[in-house]
Each structure stands twice: as structure tokens, then as C-alpha cells.
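Next come the chains, spelled out residue by residue.
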Amino acid sequence: MLAFVALLLVAAGCDRNALTGSKLTRGNYDQISNGMTKEQVERILGPPTTTETKDMVILKKTTYRYEEGKKFAIITFKMTK
């Protein structure tokens, strides 16, 4: 079972910001919800700036971090084994 767990966006419409070309916008952020897969999140926000995966005893946790200037979003996915 893959589940979206946490999301944080600082200083955030849909698609890309017309001035910067960024996908890290309030509209895209608002489309992210619990239960989304990594692929669904990447379709909205694009590939993450960094990823970190931890393989724990009962679950596998992957964290996506998106950064652009002072804006950032952290999305954590947990998959039970």
C-alpha cells in the first residue's frame, strides 16, 4: 500500500508560473492529496529536486523535496511491506 503522508509548501495557479516556468505553484500544490502515487505527484510538480529513501523494518519511506528559490515542498510516501 502506497500512501502520501506529508506536504509542506512555503510562499507558494495550475501548470507553470508564466514568469518563471515553475511547476511549484499554489495551483499545483492544491492538486496534491493523500493517497497519490509518486507518478501522479511527478505529473503535477515534475521530477523532485532531491529524493531520499529509507528502508525500515515495517515500511519503506521515500521523501521528495522540491526547491525553487525560497519556495519548497516536501512530500513523503510510505509503503508498508
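What counts and how
Residues numbered from 1 in each chain as written. Predicted model: local features only at pLDDT ≥ 70, side-chain atom pairs only at ≥ 80, totals over all residues. Heavy atoms only, no water. Helix = DSSP H or I, 4+ residues; strand = E, 2+ residues; numbered from the N terminus. Buried < 20%, exposed > 50% of the residue type's maximum accessible area, 1.4 Å probe, protein only. Areas by Shrake-Rupley, 256 points an atom, 1.4 Å probe, with all protein chains shown as cover. Salt bridge = Lys/Arg side-chain N within 4 Å of Asp/Glu carboxyl O. Polar contact = N/O pair within 3.5 Å; in protein donor to acceptor, adjacent residues only side chain to side chain. Pairing = 2+ DSSP bridges. Core = buried A, V, L, I, M, F, W, Y, C linked by side-chain atoms within 4.5 Å.

Enquirer: Is there a simple way to think about the overall build of the chain in this case?
Expert: Summing up its helical and strand segments, the chain has two helices and four strands in all. Listing every helix and strand of the chain by position from the N terminus yields β-α-α-β-β-β. In the chain, which comprises 81 residues, the share counted as buried stands at 31%. Of the roughly 5200 Å² that the chain leaves accessible, carbon and sulfur atoms contribute 54%.

Enquirer: When you look at the pattern of salt bridges in this model, what are you seeing that I'm missing?
Expert: Proximity of charged atoms lets side chains of opposite charge pair with each other. Tallied over the full model, the rule gives three salt bridges. For Lys71, the salt bridge identified is with Glu68, shortest N-O distance 3.8 Å. Judged by relative accessible area, which is 31%, Glu68 ranks as partly exposed.

Enquirer: Which parts of the structure should I look at to understand the side chain of Thr62?
Expert: Following the sequence through the fold, Thr62 ends up in strand 3 (residues 59-68). At 3.3 Å, the side chain of Thr62 and the side chain of Lys38 are in polar contact. Within polar-contact distance, the side chain of Thr62 engages the side chain of Thr53 at 3.3 Å.

Enquirer: Which parts of the structure should I look at to understand the pairing of strand 2 (residues 50-55)?
Expert: Regular strands place their side chains on alternate faces of the sheet. Two strands pair when backbone bridges link them, and strand 2 and strand 3 are joined in this way by six bridges, in the antiparallel orientation. Paired with Thr51 across the bridge in strand 3 is Tyr64. From the end of strand 2 to the start of strand 3, which pair antiparallel, there are three residues.

Enquirer: Help me understand the nonpolar core in this model?
Expert: Most often, soluble globular proteins have nonpolar side chains that are buried together. Leu24, Ile32, Met36, Val41, Ile44, Leu45, Tyr64, Tyr66, Ala73, Ile75 and Phe77 form the largest nonpolar core, which has eleven residues in total. Broken down by secondary-structure element, the contributors of at least two residues to this core are helix 2 (38-45), strand 3 and strand 4 (71-80).

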